[in-house]
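Chain by chain, the residues:
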Amino acid sequence: KRIPITSWLPRYNSETALADAIAGVTVGLTVMPQALAYAALAGLQPQYGLYSSFLGCFMYAIFGSCKDITIGPTALMALMTYQQVVNRNPDYAILLCFLSGCVMILMAFLRLGVLVEFISQPVTVGFTTATSVIIIASQIKGLLGLSYQSSGFISTLHKIAINIHNTKLWDAVLGFTCIVILLLLRKVKDIVIIDKLNPSNRQRILSKLLWLLSTSRNALVVVCCSLIAFILQNNYGEVPFKITGSVRPGIPPVQLPPFSTELGNRTVEFSEMLTDLGSSIILVPIIAVLGNVAIAKAFADGEPVDATQELFTLALCNLLGSFVSSMPITGSFSRSAVNHASGVKTTLGGIYTGVLLLLALDQLTPYFYFIPNASLAAVIISAVIFMIEYEVMEPMWKANRRDMIPMFATFLICLFVGVEIGIVVGVCLNIALLMIYSAKPKVTVEKMEIDNEIEYICIKPNTSIYYPGVERLRNNVLKAAKYQLPVVIDCTLMEDTDFTTAKSISSFIKEFASKKQALFFYNAQPRLLSVLTPICTNNFVHFDNFDDLKTVLNDLNKGSIPNEDGIELTDLSPTSIDIPINSTSKDIIETYEQPLLTRNNAIHTPKKN
């Protein structure tokens, strides 16, 4: 089960291998320029982006459960890595990768993949939008050819403002030109040139060429810019824009992650490095898992996703990746989309991507010298600009405006305080709002009649009641007691509860018993009974059958005392959906929602007042 490749590898054939090879090479052409750009975003030398790209491809091919996912560096992971590398050295990024893998392994063994469900969609939207804005701001430096050091969004904006006059013309021209070309090439694949009813071979070939041109746009732009830089260097002896420079050649050595490092002419021990990394040790793996599972669900075509398997696989990718100097990695949505569109058939497509990256490290690194920084900045900006999820604001506003609170809170705190603090505050705020909502459950209170003679008060919670909302239920029940009529709590929708709620229910059962007033529970679910029965040991009467309840109510009615006139039904519940009117014991509400306590037309709709 934990090695999915064993289930389909015996059926692997040459046709599937060819499809995987085409997809793997296509993804490889996409990941190379992105890896170099994300390394720069993380504050690392370019080779670290390639170091982070190949091992995850091999590991996911064996242990991955979704054929479309490609593992490697992403803009989000690069940004979170930069927060820990700035003013330090690459050893912190490698150690963070190792520790992230360890945390993921622990989460997988404890089956804690469900923790990612606590990060709601509004919090995710606020987080990804804020990080996209931060990433774009950080790339202005390379786009305009500026030179400065900054940490944080506000610091970056300040440095841009005071250095904007130093903008290098040719860097800016090259950068903005690359952005325009990348955005145009992104749309090329959407051009429809095929006659859907009778497509010709020429149309099919041309359509494939346009698609290939669009999907390999990053590689094409970087290669063309590098050729321009190379030609200018050879013909004129200089390049008018900043270039990447030397990239360490060769495949990285396999070695233990750094558990100490040299920083500022002193040795930083492991314990101090842990302190420096702080909350990122927990937050980086959680964000990585969240993104990976989200991508798996997006490409699952409705099939269930094993979050624990994805967690375990991602843990191995990071844990073992740290032995080849990788920074934290996760699934890339853009490259996974390319993989899917390329027609990948199995996870073995990642093998071809990994091999291509190893060849690039071994043979192509001298040619990376001429890659312009402005072109890499353009690649990043063109990728992350579509992560700004402004389009969800309108439907969110229409659906539930309260969800805007954690979204904007996460967005603003991520921007102006820090991404780690922003995600934590967003999750805590979301949980607090859930607690507030659960403290105000909807409880419908209605006065009912059976056969125009048996009267009772029906109290129906519209959801399960837990301790934050128990006081609301208790107030409704005690107000209903003013009628001196039997009270029936319809538990049809109340599937579960907790110890605190059960104790409160037990207390008002005793209050009813002391007043010799009937209190019954109807249609309680087995799970609810398993909680209530051990706590409500006395006078807890419940019915699964309405005929039995009707018989008991009928017996009580024969000896019941008429209710006092003049009680307002609106006093029963502030959350009742009934229209409040003055009522006596024989009066009824003018309109109300038909209760679930119906069986063989035993309950007749009362006449209007």
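One structure accompanies this document, and this report is about it. (Residues numbered from 1 in each chain as written. Predicted model: local features only at pLDDT ≥ 70, side-chain atom pairs only at ≥ 80, totals over all residues. Heavy atoms only, no water.)

At a closest axis distance of 11 Å, the pairing of helix α4 (residues 75–85) and helix α12 (residues 280–298) adopts a crossing angle of 175°. One way to sum up the angle between α4 and α12 is to call them roughly antiparallel. For the pair α4 and α12, the contacting residues are L76, M77, M80 and Q84 in the first and S280, L283, V284, I287 and A288 in the second. (Axes fitted to C-alpha atoms, helices over the stretch in contact; angles between N-to-C directions. Helix = DSSP H or I, 4+ residues; strand = E, 2+ residues; numbered from the N terminus. Parallel < 35°, antiparallel > 145°, perpendicular 65-115°, else oblique. Contact = heavy atoms within 4.5 Å.)

Relative to the assigned elements, E455 resides in strand β6 (residues 454–461). Each C-alpha atom, one on E455 and one on I413, is 56 Å from the other, the two residues being 42 residues apart in sequence.

Bringing the packing of helix α20 (residues 470–480) against helix α21 (residues 499–514) into the picture now. Across the interface, α20 lies against α21 with an axial gap of 10 Å and an inter-helix angle of 15°. In this view, α20 runs roughly parallel relative to α21, as classed from their interaxial angle. The two elements α20 and α21 cross, and the hand of that crossing is right-handed. Counting all contacts with α20, which are made through V470, R474, V477 and L478, the residues of α21 involved are T501, S504, S507, F508, E511 and F512. (Left-handed = near helix turned anticlockwise from the far one by under 90°.)

In this model, Q484 sits at a positive phi of 60°, which is unusual for a non-glycine residue. A positive phi is found at N523, a non-glycine position, where the angle reads about 60°. Summarising the element assignment, N523 is placed in the loop between β8 (519–522) and α22 (526–535).

A few words now on the packing of aromatic side chains. Applying the stated criterion across every chain yields a total of twelve aromatic pairs. Ring centres of F63 and F312 lie 6.0 Å apart, and the angle between their planes is 85°; this geometry places the pair in the edge-to-face category. Taken together, the positions of F63 in helix α3 (residues 47–63) and F312 in helix α13 (residues 307–321) put the pair 249 residues apart, joining distant regions of the chain. Taking the relative accessible area as the measure of exposure, F63 reaches 16% and is therefore buried. Taking the centre distance of 5.5 Å and the plane angle of 85° together, the rings of F98 and F259 count as edge-to-face. In this pair, F98 is assigned in helix α5 (residues 90–109) and F259 in the loop between α10 (217–236) and β2 (261–262), connecting sequence segments 161 residues apart. With relative accessibility at 33%, the residue F259 sits in the partly exposed group. Connected via pairs of aromatic rings, a cluster forms that spans F98, F259, F270 and F323. Across the ring face of F386, the terminal group of R186 is positioned such that the distance to the ring centre comes to 3.6 Å. (Phe/Tyr/Trp six-rings, centres within 6.5 Å; stacked < 30°, edge-to-face > 60°. Buried < 20%, exposed > 50% of the residue type's maximum accessible area, 1.4 Å probe, protein only. Lys NZ or Arg CZ within 6 Å of the ring centre and 35° of its normal.)

Function cannot be read off these values alone, since they describe shape.
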